[in-house]
Amino acid sequence: MYKLYTVFICRHIPRIQNKLLLIMKLTLVLLISGMLHVSASTSAQNINLSVKDVSLKKVFKELRLQSGYNFLYNSKMLSETSPVSMSVKNMPINEVLDKCFSDQPVTYVIDNNTVIVKRKPSAVASTVQDVTVSGTVKDEKGNPIPGVSVRLKGTVTGTQTDVSGNFRLSVPDGNGTLVFSFIGYATQEAPIISTGSMNIVLKEQAATLNEVVVTALGVKRSEQSLTYATQQVSSEAINQVKTDNLMNALSGKVAGLTITPSASGVGGSSKVILRGSRSANGNNQPLYVIDGIPILNSGNANGQPGGTFGGSTDSGDGISNLNPEDIENISVLEGASAAALYGSLAQNGVILITTKKGKAGKAVINYTSSFSVDHTAYRPQFQNQYGQSPGVISGDVTSWGAPISGAQDNLKDFFQNGTNWTNAINIAAGSENAQTYFSYANTHATGIEPGNKLNRNNFNLRETANLLNNKLTVDGSVNYINQIIDNSPQLGIYSNPLISLYSFPRGVNILPYKNQYEFPDSVGAARQNWITHTGDDHQDNPWWIINREPNTAQRNRLLMSGSVKYQFNSWLYLQVRGNVDRITDDFEQDFYSGSNSLYNSNETGAMKLSNQTLTQKYGDLILNFNVPLQHSDFKINGLLGGSITDQETQGLTLGGNLATPDFFTPANIVVAQPGTNSRPITSNTSAISPSHSQLQALFGDLDFSYNNWAYLTVTGRNDWSSNLSFTNNYSYFYPSAGLSVILTQALKLPQEISYAKVRATFAQVGNTIPPYLTNIQNTQGGGGSLVFNTAAAPNTLKPEKTNSFELGTDLRFFNNRFNFSFTYYKTNTLNQYVPVNYSASSLVSTGYVNAGNVENNGFEFILGYDVFQSHDFTWNTSFNGAMNKNKIIDVDSKDNINTFYLTNDGNGYQSELVKGGSYGDIYAPTLVYNAKGQVMLSGAGTAASPYTPEKSSTYNYVGNPNPKFQLGWSNTFNYKQLSLNFLVDGKFGGQVMSITQAFLDEAGVSEVTGEAREQGGVKVNGVNSLGQPVSTVNAQTWYQTIGQRGGITGEYMYSATVVRLREAALGYTWLVSNSAFKSIKLSLTGRNLIYFYKKAPFDPEVTMSTGNGLSGVDVFNQPATRDVGLDLNVSF
Amino acid sequence: MKKHLKSIPGQGQNNLVYIFIILASLALPGCTKNFEKFNTNPTALSSAQSIAIAATAFGPLEQAIYSNYQIAQNLSADAYAGYMMSPTNFLGGQNNLKYDLVDTYNQHGFNDQYTLVMAPVSKIAKAGARTAAPDIWAVALLIQVEAMDRVTDRFGPIPYSKAGTSLTNIPYDNQQTVYQTFFKQIDTAVSNLQTYIAANPGKSSIGTGDLIYGGDYTKWLKFANSLRLRLAMRIVKADPATAQLQGEKALSAPGGLLAIPSDDAAIAQSGGRSNDLWVVTIDYNGDNHLNAALGTYLTGYKDPRTSIYCVPMTTNAQAYTGIRLGADVTKGNYYSFATYNCITTFTQTSSQLIMTAAEMWFLKAEAALRGWAGAGVTQTDYETGITTSMQQWGVSAGNYLSDATSTEAAYTDPLNSANNSPALSTITIKWDPTATNEQQLERIITQKWLAIFPDGQEAWADFRRTGYPKLFTVADNLSGGTIDTQIQIRRLAYPITEYNTNNAAVKSAVQVLGGPDNGGTRLWWDVNKANF
């Protein structure tokens, strides 16, 4: 968008005769020059040229081929130039250019390898009444921008800014408007102010920052040649309002990207889904690529909760480890098409991250510090009228007792304010030949649950060098990350402090249990002090859990990468790259002997330990070429390459009861006995979870373009996957093809349309299966016993396959002020590996077959508008929206399997893939209705046999948690040095379940249960077994029937629609001159500030797990937080 | 174009060649030669390693005979054998105990033995045990036959000889083929064991991993012969010739039969497993109680084993009143009725019997009655059966053997007189050489039934084959007419899982079954004709 200059070679077609003549001439010239080349020394920068009466355009074309320089110009401007004649040999490019541009109304600057053609300043002679206007042009950070074109609107009068960003221009009178433009920035108009200095701030345009965009494998392509949708997010957008997982900062900013943060406190994982979930068994999250090289996104061996019971604590995913300040920009390749070249890893899309590197010139030091305070954004609503049920000494403690007068807020005694303090410094410096970038960041965050803490240190050193006359480019970086997360909260119904905190009887003072959460038993062992303990595994003292069931997850990650690129000549380069991403995770959780016997059956204490090292080695070799077809309207470029990705996991997990009480060391874990097949009394000991996968690939990409308005891209890739060895399908090929047409160049369109592009892509991506599935081996169980593996060895298994089709358009209007982009897509994911339970007499426990067809289709759009542009005030607004429709066309009907369970653990919540349904459909027990729509009630309506709602015998469909439509609206205001950004986003449609609410209702602590009692019962449209209508059901009977985890959980579905003020930042920049500082910016930031609309009793966006299951269910999840902070940014 | 190519420096051309060589070499299969190694779990076992530690697998394999005991056997066979009845009103009274067959219970009596016994045994075979460890293979086969016999005797035709040959269409064998296969497998086991014992006297590869005999192969050999005799007698009405052939083979087999209580085959508890009868009686808060039938016989005979087998009513310490099968247990507190003795006999840690020496003596008695060679004298076998059982339970027979007057007692339900019944049997204990064959058979089987308690699976099979002991009919028949109250239940219906996953095969099995797939259809060996 907002392109002032476009790479045109030919737009206005001359008369054919002329053209033919020209071609003949040029051919001759080139033939001669080509021959000369053979003998002449070949410096890429030196030019041989002999032309006569040739248009500049043609000359540029030839110069481009000889020098490798790109030319950026406006065709209209070039049409005012006169033909050129010259004959030069081995002349430096700048001299040739000088020759070309003498006596022309245009001039040029060279930026990097690009020749930017501009109008000559002040081409028109001054008139008598000239007024001199002066001023400074700066960027948003306050840095002066040199070389900005300043032009009097509607004339050719203009100049450009000097190195300090200052300009001075003579204009005919004091009226009129100046147009400021510079590549990579939004063009700005400002009325002339002849008295005093004009201060212009140009806004960077992320999408036009690079005329070329980074695509798969780090290959740069001109944006207009892309046949698929990509979206860019700038460093500023990521860092505006800091979070502890950088992916959360992308929420609402990219169309079609759904971010679902985990409810697991500071440093938790984030679920990232592009264009809907597609794989039942496999990963649905995108591939993360840093500077062209894939990285790991794994959590630790302990993982996340696998079911509603909870049990595992999340310690963050791989992407959350990165320092957001190191990121230059993020490019989101949404479709399989964009990712075809990354192969299997990328069938869910790719998030391409370009990191900062050193820059030639003066050293720049940036320091940022941000601090935020996080509060719970909502809390459950409690009743304050009824106290504890009488007579309960064990089991559930409930609040169905006598009226009380008021109850205190127990939650304030537990929750604390979370904080996040991030300090980061980076230094960029370098010469023409070598550049250095160094950064260090420290993130220190505390959660709202006491004891939950994150401490992360990031070190990054990157060196880039250009050698051998810029032919050889070497780039290397080392990242070291150390992260410790303490006491990541347990979600679910066990060992979760929230369940007993929330259910605590109303009107009873909780503080004694806080102040003394343990007491010694008869032999002096510390035991929990809690209102109830025996007989109910849900009930533990919350402060016992946070103090006596501590966990800590430590991660050390070393990410090293290097690349060497050799440019043979203007059209061919070879690149070798590689990286090693090595993550070592240590996890420990200790359960003191007074902990719940679920974890601690011997009441001596228990511990869980894991130590896992994941290593991914990646290497690729790419030959990139640009076929030198000088006098053709066709251009062909492309690449050939090969890659190897090798992933290895090694580690140990240990767990079990302790021999010596509360002595937390691995050697103290009790060992299980062999020969166990049911009801173990000792816990499991060790399990090792190694894996080794290797993927080898050969790939190619060919791009054809015609006259720079039609582009065809064809890719092909063949993978060899070790995970598919022992089958005949370990080698598989998949292709893609795409077409884009720039209508504004191909046709004559009205002037209001600045740019119009249509594009279409079809792509296929294969995906391998997990390791060891095709090679069935027996294993060894506890105590060394043989454990038979009776799964089938499916040597017919094939890779999963996604077919993806997309169609889109990018449009810009009114001199690029208004832009619109739209993409329709459809993907079908086939050949998924589906577990099949055969007849027992097959003697196979589980088989895997290729089956399934999951379809996602939908659209995305982006709409941007520069609402207001004046020299003091700008307002830019943009919308991004996406609609996704998921449909399970088939699960495995040929094997009579029409359901695949993502979560199925019997707590009133099932997440399923059902033929005809959509991904993650929620099934639950429901009320039973008769034909008249009345609720069926059992019981006689007496005190001994009260009316009780009937529960359906099966689990029924009750909703799907995925949003149907998402919309993000971001706004940027700049007024002088003041800036304001805010982002509102909404997720519309979908339903979520609250098991939390079901528990609180059953316990009689929730507000609704109080209200129901106040009004004498629950009002229903019911019918008893005799067919008589019933309008009121006893509140306790009703809620104790429908509530808790085994109740009629279908009654606990809520709209997932949520609209919020996601981010806001108000900043002020001080420009400091003649000081060590260049600029200081201070911002007031906020995240998740206001829910404009939210019907569920929790934030429907927050998830219990970022895996495929447990979507759209709240089982005592940590509440989402509302964060307010300050951000300081200092440049030296 | 061609000219231009020439402009590339020569070095570049060499590089190009080099690059393409690298790329091409990537494509060579040689590069993927480590793939199978990568895809082999280094912490999983190779076949040789599996064999090497196969002994450790025997405990779980043996325990799987009684997998999901309550729903796989207790709430069906034990009840139908007249041993147990539950005071728990399962599923609102609509359950097996009233002939309303509960698929989710009964399917475990089908599927578990495939998944937990046959599938692992097939993996032992796959690991090469047939040739590499014939002794291990022999014991594995015997466990499999023991387990699968219980399956075929519950359901009829089952997938057996062709189990594991297909994923989606596993043919069923008719029951005759199943039994023939059993006999062949016992042949293999016997031959392998004899060879091993001869070559390695006193040795064993399975050792203490074996929860039945602690790796004593001579006892496994006795078990093999005894199993052959048990199976032979089962088919005596359906295929008398094979029955006699196999029976006589067992009676004369080297190694002998289980003869004294120390030969008894029982699965010791290990790995945290508890005795199933203790679990269902104590741990499950009294789900398992005494059946009216067992109470009436024990009481009538003043049997010395009574207090070993049972504890009396909590409301009357003298009364060993059980519950009538199919009784409406909501009519009062049936938990107060007599129940299994899980205090001193079937304790949490006590072993679980699968075959006893006493059973063999009763089988010999019947064999002698039928004139099979090598069976000995009927009376001696009968009386040795009783005394062996008394020995097994550590009680004195006293004058039990000479009691010619005691008979089964009448049944009185103190909570619901509708369940009352006069005694059904008049058979006494003392051997009467002048009695008819039919009377002698009733005497043998009635005493066998008292001796092999609590193995309801075997007892139900004997009841179906011989009609003995005489058992009270179900108090409430909810079978919807598919099971005749007087004839009583003959089998269980095939699990729904088979109809879902092996549809064609189970449908053709029902053809072979020769009647509808319900509890009223007789099995192949359950021939509706006179015993003699």
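1. What to know about the overall build of chain A
Secondary structure summary: chain A contains 14 helices and 59 strands in total. The C-alpha atoms of chain A give a radius of gyration of 33 Å, which matches the 32 Å a tight globule of 1132 residues would have. With respect to the principal axes defined by its C-alpha atoms, chain A has extents near 105 × 70 × 60 Å. The proportion of buried residues among the 1132 residues of chain A is 58%. For chain A, the proportion of contacts with a sequence separation of at least 24, taken over those separated by at least 6, is 70%. Counting every atom, chain A has about 42,400 Å² of accessible surface; 56% of that belongs to carbon and sulfur. Both charge centroids of chain A, one from 81 positive and one from 82 negative side chains, sit 9 Å from each other.

2. Things to note about unusual backbone geometry
Cis geometry marks the peptide bond from Phe453(B) to Pro454(B); its omega dihedral reads 10 degrees. Cis geometry is found at the peptide bond from Tyr468(B) to Pro469(B), where omega equals -10 degrees. Looking at the secondary structure, you find Pro469(B) in the loop between helix 20 (456–466) and helix 21 (496–501). Of note in this structure, Asn469(A) is not a glycine but carries a positive phi near 55 degrees. When you line up the elements, Asn469(A) lands in the loop between strand 25 (453–467) and strand 26 (472–486). The phi torsion at Asn816(A) lies on the positive side, around 70 degrees, for a residue other than glycine.

3. Describing the pairing of strand 22 (residues 361–376) of chain A
All names here are of chain A. Relative to strand 23 (residues 418–430), strand 22 is paired through 12 bridges, and the arrangement is antiparallel. Paired with Tyr367 across the two strands is Ile425, which belongs to strand 23. Summarising the sheet, strand 22 and strand 59 (residues 1121–1131) pair through 11 bridges and their orientation is antiparallel. Each residue of the ladder has a partner; that of Asp374, found in strand 59, is Asp1123.

4. Examining the sheet that holds strand 53 (residues 1018–1023) of chain A
All names here are of chain A. Ordered by their spatial adjacency, 4 strands build an open sheet running 48-47-53-54, and the pairing between neighbours is mixed. If you trace the sheet from one side to the other, it starts and ends with strand 48 (948–949) and strand 54 (1029–1033), each paired once. Relative to strand 48, strand 47 (residues 935–938) runs antiparallel, the two being bridged by 2 bridges. Its bridge partner being in strand 48, Ser938 is matched across the sheet by Thr948.

5. Overview of the packing of helix 11 (residues 175–199) of chain B against helix 12 (residues 217–234) of chain B
Residue and element names in this part refer to chain B. Interhelical geometry of helix 11 versus helix 12 gives an angle of 160 degrees and a closest axis separation of 10 Å. By the angle between their axes, helix 11 is roughly antiparallel relative to helix 12. Where helix 11 crosses over helix 12, the handedness of that crossing is left-handed. Residues Tyr179, Phe182, Phe183, Ile186, Asp187, Val190, Leu193, Gln194, Tyr196 and Ile197 of helix 11 pack against Tyr217, Thr218, Trp220, Leu221, Ala224, Asn225, Leu227, Arg228, Leu231, Ala232 and Arg234 of helix 12.

6. Section: the packing of aromatic side chains
Within this structure, the stated rule accounts for 67 aromatic pairs over all chains. Arranged with centres 5.8 Å apart and planes meeting at 45 degrees, the rings of Tyr502(A) and Phe1116(A) form a pair that is tilted. Residue Tyr502(A) is located in helix 8 (residues 497–503), and its partner Phe1116(A) is located in the loop between strand 58 (1113–1114) and strand 59; the two are separated by 614 residues in the primary sequence. Phe1116(A) shares its class with Tyr502(A); the two are buried. Note on Tyr309(B) and Trp393(B): the rings are 5.4 Å apart at their centroids and 85 degrees apart in plane angle, and the pair reads as edge-to-face. Pair noted here: Tyr309(B) is in helix 16 (residues 306–309) and Trp393(B) is in helix 18 (residues 378–393), with a separation of 84 residues, a long-range link. With relative accessibility at 14%, the residue Trp393(B) sits in the buried group. Among the aromatic residues, ring-to-ring pairing joins Tyr83(B), Tyr297(B), Tyr301(B), Tyr309(B), Tyr340(B), Phe346(B), Trp393(B), Trp449(B) and Phe453(B) into one connected group.

7. Things to note about the sheet that holds strand 21 (residues 350–355) of chain A
Strand pairing in a sheet takes place through backbone hydrogen bonds and is either antiparallel or parallel in direction. Residues and elements named next belong to chain A. If you walk across this open sheet you meet the 5 strands as 15-20-21-18-19, and the pairing is mixed. With partners counted over all chains shown, the strands left at the sheet margins are strand 15 (230–234) and strand 19 (293–294), one partner each. Where strand 18 (residues 287–290) lies against strand 19, 2 bridges are found, and the strand directions are antiparallel. Bridge assignment links Ile290 to a residue of strand 19, and that residue is Ile293.

8. Quick notes on the side chain of Ser270(A)
Residue and element names in this part refer to chain A. Inspection of the secondary structure assignment puts Ser270 in strand 17 (residues 270–274). A polar atom in the side chain of Ser270 sits 2.4 Å from the side chain of Asn248. Residue contacts for Ser270: discarding those within four places in its chain leaves Asn245, Met247, Asn248, Ile259, Thr260, Pro261, Ser262, Gln285, Asp317 and Thr1106.

9. Thoughts on the pairing of strand 10 (residues 177–181) of chain A
Residue and element names in this part refer to chain A. Extensive coverage of strand 10 is indicated by the burial of 4 of its 5 residues. Relative to strand 10, strand 7 (residues 149–152) runs antiparallel, the two being bridged by 4 bridges. The residue bridging Ser149 from the neighbouring strand is Ser181, located in strand 10. Here strand 10 runs beside strand 11 (residues 188–191); their pairing, made up of 4 bridges, is antiparallel. When the bridges of strand 11 are listed, Thr177 appears paired with Pro191.

10. Re the nonpolar core
Among the nonpolar cores identified, the biggest contains 169 residues, and Tyr114(B) and Trp220(B) are the most heavily contacted of them. A total of 13 residues in this core trace back to one element, the largest contributor, which is helix 10 (residues 134–155) of chain B. Those residues in contact with Trp220(B), other than ones at most four positions away along the chain, are Glu62(B), Val139(B), Leu142(B), Ile143(B), Leu193(B), Ile206(B), Asp210(B), Ile212(B) and Tyr213(B). Judged by nonpolar contacts, the second largest core, of 68 residues, contains Phe382(A), Leu491(A), Ile1042(A) and Tyr1054(A).

11. Thoughts on helix 15 (residues 292–300) of chain B
Residues and elements named next belong to chain B. Of all 9 residues in helix 15, 8 are buried; the element is thus mostly enclosed. Taken together, the buried positions of helix 15 are occupied by Ala292, Ala293, Leu294, Gly295, Thr296, Tyr297, Leu298 and Gly300. Close packing links the buried residues of helix 15 with strand 3 (289–290), helix 16, strand 4 (310–311) and helix 19 (437–452). Between the side-chain oxygen at the start of helix 15 and the backbone nitrogen of Ala293 there is a gap of 2.8 Å, and the oxygen is on Asn291. Looking one or two places after helix 15, you find Lys302, whose phi comes out positive at around 50 degrees.

12. Some remarks on helix 13 (residues 240–251) of chain B
Residues and elements named next belong to chain B. Along its 12 residues, helix 13 runs 16 Å from first to last C-alpha, staying within 8% of the 16 Å computed at 1.5 Å per residue. Those residues of helix 13 that sit buried are Thr242, Ala243, Gln246, Gly247, Ala250 and Leu251. Projected down its long axis, helix 13 carries its buried residues within an arc of 160 degrees, all on one side. Of the exposed residues in helix 13, the ones pointing more than 90 degrees away from its buried face are Ala241 and Leu245. Here the buried face of helix 13 lies against helix 11, helix 12 and helix 17 (357–369).

13. So, the pattern of salt bridges
Residue and element names in this part refer to chain A. Following the criterion strictly, the structure yields 51 salt bridges over all chains and no others. Here Arg555 makes a salt bridge to Asp585, at a shortest N to O gap of 2.8 Å. With Arg555 in strand 29 (residues 551–569) and Asp585 in strand 30 (residues 572–591), the pair connects residues that are 30 residues apart, well separated along the chain. Summarising the burial analysis for this pair, Arg555 and Asp585 share the class buried.

14. Topic: the state of the cysteines
Residue and element names in this part refer to chain B. This structure, assessed with the given rule, holds 0 disulfides over all chains. Unpaired in terms of disulfides, Cys310 finds its nearest cysteine sulfur in Cys342, a separation of 10 Å. The class for Cys310 is buried, based on a relative accessible area of 1%. You can call Cys342 buried: its relative accessible area is 5%.

15. Points about the packing of helix 8 (residues 108–126) of chain B against helix 10 of chain B
Residue and element names in this part refer to chain B. Running from N to C, helix 8 and helix 10 cross one another at 160 degrees; their axes reach a closest spacing of 10 Å. In this view, helix 8 runs roughly antiparallel relative to helix 10, as classed from their interaxial angle. By crossing handedness, the relation of helix 8 to helix 10 is classed as left-handed. Contacts between helix 8 and helix 10 involve Gly109, Phe110, Gln113, Tyr114, Val117, Met118, Val121, Ile124 and Ala125 from the former and Ile136, Trp137, Ala140, Ile143, Gln144, Ala147, Met148, Val151, Arg154 and Phe155 from the latter. A breakdown of the residues in the contact of helix 8 with helix 10 according to their chemical character gives 15 nonpolar, 3 polar and 1 charged.

Reading the values: rules and limits
- Residues numbered from 1 in each chain as written.
- Chains lettered and ligands numbered in written order.
- Predicted model: local features only at pLDDT ≥ 70, side-chain atom pairs only at ≥ 80, totals over all residues.
- Heavy atoms only, no water.
- Helix = DSSP H or I, 4+ residues; strand = E, 2+ residues; numbered from the N terminus.
- Rg over C-alpha atoms; globule rule 2.2 N^0.38 Å.
- Buried < 20%, exposed > 50% of the residue type's maximum accessible area, 1.4 Å probe, protein only.
- Contact = heavy atoms within 4.5 Å.
- Areas by Shrake-Rupley, 256 points an atom, 1.4 Å probe, with all protein chains shown as cover.
- Lys, Arg positive; Asp, Glu negative; His and termini not counted.
- Charge placed at Lys NZ, Arg CZ, Asp CG, Glu CD.
- Pairing = 2+ DSSP bridges.
- Axes fitted to C-alpha atoms, helices over the stretch in contact; angles between N-to-C directions.
- Parallel < 35°, antiparallel > 145°, perpendicular 65-115°, else oblique.
- Left-handed = near helix turned anticlockwise from the far one by under 90°.
- Phe/Tyr/Trp six-rings, centres within 6.5 Å; stacked < 30°, edge-to-face > 60°.
- Polar contact = N/O pair within 3.5 Å; in protein donor to acceptor, adjacent residues only side chain to side chain.
- Core = buried A, V, L, I, M, F, W, Y, C linked by side-chain atoms within 4.5 Å.
- Expected span 1.5 Å × (residues − 1).
- Arc of directions from axis to C-beta.
- Salt bridge = Lys/Arg side-chain N within 4 Å of Asp/Glu carboxyl O.
- Disulfide = S-S within 2.5 Å.
- Nonpolar A, V, L, I, M, F, W, Y, C, P; charged D, E, K, R; others polar.

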